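Structure assessment
Below, each chain spelled out in residue letters.
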Amino acid sequence: MTLTVPALAPPRPLSLPETTEHQLANGLTVLVIRRATVPLVELRLRVPFGRAPLAPASVLSHTLFSGTASMSNVEIAAELQARGGALGASVDPDRLLVSGNGLVSGLDRILEILADVLTGASYPQQEVVTERERLADRIHVARRQPSHLARVALLRRIYPGHPYERQTPAPEEVLAVDHDVLRALHAERVHPAGATLVLVGDLDPDATIASVEAHLGGWDGRAEPADLPPLPELTPGPLLIADRPDSVQSSLRLALPAVPRNHPDHAPLQLANLVFGGYFSSRWVENIREDKGYTYGPHSTIEHSIAGSRVILSAEVATEVTAPALLETVYELGRIASAPPAEAELEQARQYALGTLQLHIATQSGIAGLASAYAGFGLRLRHLAEYSEALASATVADVAEAAARYLAPARAVTVVLGDAERIEPGLATLAPVVREQP
């Protein structure tokens, strides 16, 4: 008996929840997104943090909730847990992000605690010592991981002289941060000017905005965000080998130009990237994983940052097939950049892209994350509908043009982390090489 797999149903239009937007007098933008499914609220507070000193910013994100004048870190955690949730912080070169959730019925208290932290975090020295030691230990571990070392080498290569060039502090820098440094950084940079608070849940917009105004309206708004310079142009140059003696595998990293989310080429480039290597059914995966067995999971993605965007290719391969794997990678880039994809191939990538968008907005957490990320680029959730339409309408010609413009292998910056003595002879047959210690 032969079973026929039914054809995929046509993609459904995105159904986006309503957003109510309000800006407080102190500069904080509040986005309230009503999604009446479960009695929970997702919270994302995005504070611009570009050019913040690396080690202090990293420690600050781990100690932001370590205590205030009125509450210890244990009391903060207990109060949040009593409202069915928690709050935490993270930092990257663009922003400080406070994220968490809780019961809608506890939102007033959650906002009250958040306001206490934002206006009066005390950074107790003992808590700072504990957290900075944990962070330093994690960095020590990361510096032994090939994926981290390859990322560090790639950032050095593609962002020379830019604030993005170095994104992980040294352990000794972390251990030198004390509570006075953190208090000074907090006073200087943790302000509502340019910040966005996203709240998603079964919320009454007017009542929610009134609550935010009551609790966060007094947050100091005098500071201005620090501007980031645009990304430096990618300069392909020679292939860079970051030496890792005796490594049994090599880490391939390639960077190519890309465009921001609101650029007309973004949707066609995203589809071209998917056809090339952006999901499991892509050409690159089929070639070096399924056909050749060089790697388990190569992946290509578009990374967006405030200063600009890049296409980043990543693959871990056995040392002995480093050069063949790179050769096939360059071949697939040349193929996507020089010949249009087949209609069926493009349609499969389109269905994947549109389906992924549906998944992203299927949960409160997904909606909150997208709304917060978009806000950092001056976009709102409604941009998803425009992006979905652009994906649905992109033609084979559009995708081929974007691939030729951005994915041509001649435009790629290539970094390989591995045992230089073993991999350099093969790589040198493909391109000029230079070697550095990671």
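Residues numbered from 1 in each chain as written. Predicted model: local features only at pLDDT ≥ 70, side-chain atom pairs only at ≥ 80, totals over all residues. Heavy atoms only, no water.

1. Notes on the pairing of strand S1 (residues 19-23)
Pairing of S1 with strand S2 (residues 29-34) involves 5 bridges; the strand directions are antiparallel. Opposite His22, over in S2, you have Val30 as the bridge partner. From the end of S1 to the start of S2, which pair antiparallel, there are 5 residues, and Gly27 there has a positive phi angle of about 100°. (Pairing = 2+ DSSP bridges. Helix = DSSP H or I, 4+ residues; strand = E, 2+ residues; numbered from the N terminus.)

2. Digging into the nonpolar core
Ranked by internal contacts, the top residues of the largest apolar core, which has 63 residues, are Leu269 and Leu407. Broken down by element, this core gets its largest block of residues, 7 residues, from helix H9 (residues 266-278). Those residues in contact with Leu407 that sit more than four places away from it in its chain are Leu256, Leu269, Ala272, Asn273, Val311, Leu333, Ile336, Ala337 and Ala402. Counting residues in each nonpolar core, the second largest holds 49 residues, with Leu80, Leu87, Ala121 and Trp219 among its members. (Core = buried A, V, L, I, M, F, W, Y, C linked by side-chain atoms within 4.5 Å. Buried < 20%, exposed > 50% of the residue type's maximum accessible area, 1.4 Å probe, protein only. Contact = heavy atoms within 4.5 Å.)

3. A look at the packing of H9 against helix H15 (residues 396-406)
Direction vectors running N to C along H9 and H15 enclose 80°, while the axes themselves pass 8 Å from each other. Comparing their axes, H15 and H9 come out roughly perpendicular. Two secondary-structure elements touch here, H9 through Pro268, Leu269, Leu271 and Ala272 and H15 through Asp398, Val399, Ala402, Ala403 and Tyr406. (Axes fitted to C-alpha atoms, helices over the stretch in contact; angles between N-to-C directions. Parallel < 35°, antiparallel > 145°, perpendicular 65-115°, else oblique.)

4. Looking at the side chain of Arg95
On the secondary structure map, Arg95 appears in strand S5 (residues 95-103). Look at Arg95 and you get buried, because its relative accessible area is 12%. When near neighbours in sequence (up to four residues on either side) are disregarded, Arg95 contacts Arg46, Val47, Pro48, Phe49 and Ser90.

5. A short note on the sheet that holds strand S3 (residues 40-48)
In space, the 6 strands of this open sheet follow the order S1-S2-S6-S3-S5-S4, with mixed pairing throughout. Edge strands, defined here as strands with exactly one partner in the open sheet, are S1 and strand S4 (86-91). Recorded for the sheet is a direction-independent mean angle of 15° between the axes of neighbouring strands. The strands touched by helix H3 (residues 107-120) within the sheet are S3, S4, S5 and strand S6 (196-201), with S3 carrying the most contacts at an inclination of about 20°. With respect to the sheet, helix H13 (residues 364-375) is in contact with S2, S3, S5 and S6, its orientation differing from that of S3 by roughly 20°.

6. Description of the environment of Leu234
Tracing the backbone shows Leu234 in the loop between helix H8 (205-216) and strand S7 (239-243). The spacing of Leu234 and Arg157 is 77 residues in sequence and 9.0 Å in space, taken between C-alpha atoms. Once residues lying within four places of it in the same chain are set aside, the contact partners of Leu234 are Ile158, Ala255, Leu256, Pro257, Arg310, Arg411 and Val413.

7. Regarding the packing of aromatic side chains
Taken as a whole, this structure holds 3 aromatic pairs when the rule is applied. Relative to Trp284, the ring of Phe276 lies with its centre 5.3 Å away and its plane at 20°, an arrangement referred to as stacked. Given a relative accessible area of 1%, Phe276 falls into the buried group. Note on Tyr279 and Tyr352: the rings are 4.6 Å apart at their centroids and 40° apart in plane angle, and the pair reads as tilted. Placement of the pair is Tyr279 in the loop between H9 and helix H10 (283-291) and Tyr352 in helix H12 (residues 343-360), with a sequence separation of 73 residues. Judged by its relative accessible area of 39%, Tyr352 falls in the partly exposed class. Of note, Arg189 hangs over the ring of Phe49, and the distance from its end group to the ring centre comes to 5.3 Å. Just above the ring of Tyr296 sits the side chain of Arg289; from NZ or CZ to the centre is 4.7 Å. (Phe/Tyr/Trp six-rings, centres within 6.5 Å; stacked < 30°, edge-to-face > 60°. Lys NZ or Arg CZ within 6 Å of the ring centre and 35° of its normal.)

As far as function goes, none of this settles anything; it's purely spatial.
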